[in-house]
Amino acid sequence: MKREREGTGGPARSTLWGRIACGWAVAFAVLHFYWGLGGDVGLSVSAGPLATERPLWFVVAGLWGVGGLCVLGAVLARLLIRSDFRGGPAALVRWLGWGAGAVLLLRGVGVEVMLLTGAAPLDASVSEGQRFWTLAVWNPWFIAGGLAFCLAAHRADRHTDGEPPPASGP
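In what follows, the accompanying structure is described.

Conventions adopted
- Residues numbered from 1 in each chain as written.
- Predicted model: local features only at pLDDT ≥ 70, side-chain atom pairs only at ≥ 80, totals over all residues.
- Heavy atoms only, no water.
- Patch = residues over 30% accessible without salt bridge, like charges linked within 9 Å, V, L, I, M, F, W, Y side chains within 5 Å.
- Areas by Shrake-Rupley, 256 points an atom, 1.4 Å probe, with all protein chains shown as cover.
- Salt bridge = Lys/Arg side-chain N within 4 Å of Asp/Glu carboxyl O.
- Helix = DSSP H or I, 4+ residues; strand = E, 2+ residues; numbered from the N terminus.
- Contact = heavy atoms within 4.5 Å.
- Core = buried A, V, L, I, M, F, W, Y, C linked by side-chain atoms within 4.5 Å.
- Buried < 20%, exposed > 50% of the residue type's maximum accessible area, 1.4 Å probe, protein only.
- Axes fitted to C-alpha atoms, helices over the stretch in contact; angles between N-to-C directions.
- Parallel < 35°, antiparallel > 145°, perpendicular 65-115°, else oblique.
- Left-handed = near helix turned anticlockwise from the far one by under 90°.
- Polar contact = N/O pair within 3.5 Å; in protein donor to acceptor, adjacent residues only side chain to side chain.

### As for a nonpolar patch on the surface
And then number 1: Taken together, the side chains of W17, I20, L147 and L151 present a nonpolar region at the surface, about 310 Å² in accessible area.
And then number 2: For I20, the position within the fold is in helix α1 (residues 16-36).

### So, the environment of L105
And then number 1: Checked against the element boundaries, L105 lands in helix α5 (residues 88-117).
And then number 2: Separated by 34 residues in the primary sequence, L105 and N139 have C-alpha atoms spaced 8.9 Å apart.
And then number 3: Contacts of L105, omitting those with residues within four sequence positions, involve G110, F142, I143, G146, L147 and C150.

### Points about the nonpolar core
And then number 1: Counting residues in each nonpolar core, the largest one holds 27 residues, and the members touching the most others are W24, F28, L43, L63, L80 and F149.
And then number 2: Secondary-structure elements contributing two or more residues to this core are α1, α2 (43-47), α4 (56-80), α5 and α6 (128-161).
And then number 3: When residues in this core are grouped by element, the largest group, 8 residues, is from α4.
And then number 4: If near-sequence neighbours (up to four positions away) are discounted, W24 is found in contact with L104, W141, F142, A144, G145 and F149.

### Section: the packing of α1 against α4
And then number 1: Two elements in contact, α1 and α4, have axes separated by 8 Å at closest approach and are oriented at 160 degrees. In terms of their interaxial angle, α1 and α4 are classed as roughly antiparallel. In this structure, α1 crosses over α4, and the sense of that crossing is left-handed.

### A few points about the environment of R131
And then number 1: By the secondary structure assignment, R131 is in helix α6.
And then number 2: For the pair R131 and L115, spaced 16 residues apart in the sequence, the C-alpha separation amounts to 7.7 Å.
And then number 3: From its side chain, R131 meets the backbone oxygen of L115 in a polar contact 2.7 Å long.

That's the geometry; what it means functionally is another story.
As C-alpha cells, this is what we get:
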C-alpha cells in the first residue's frame with residue numbers, strides 16, 4: 001500500500017479509501033446480482049414482500065439496476081485512485097466521487113434517523129425483523145460506503161491540489 005508522506009510532495013499517495021470504496025461497490029453489486037439470479041439469502045429482510053413476489057420492475061430496476069450502478073461505482077472508485085490523469089476528467093471524477101459519497105451518506109443517515117425518531121410511519125408490511133436489519137446492517141453499510149467514497153474523493157483532491165501543473169511546450 002502506497003502512502004503519501006506529509007510535506008514530501010511525492011507522487012505516491014494512499015489508495016486505501018479508493019480500494020475500500022471499490023470493494024464496497026463490488027460486494028454490493030455481487031449481492032444484487034445474486035438476488036437478481038434468484039438468490040434469496042438476506043433479501044427478505046431487505047425487501048420484505050417484494051422478495052417473495054419479485055415483480056419484473058423490482059428484479060430489473062431494484063436488483064439488476066442497482067447491481068449495474070454498483071459496478072459503475074467500482075469503476076469510479078478505481079478512477080479515484082489513479083494518478084495518471086489530470087484536468088477536466090480528473091475534476092469530474094472527483095466531483096462524482098463526492099456526489100456518490102453524499103448520496104450514500106444521505107440515504108444511510110436519513111433512513112436511520114427516520115426509523116429511530118419515528119419521523120416516517122412504517123407501512124404495515126414492514127416487519128420488526130426488516131426494521132432491525134435496516135438499522136443494524138443496511139444503513140450502516142450505506143454510511144460506510146458513503147464515507148469510503150468521500151474519503152477517496154478527498155484523497156484525490158489532496159493529491160491533485162498539491163501538484164504543479166503539467167509542463168507545456170518542449
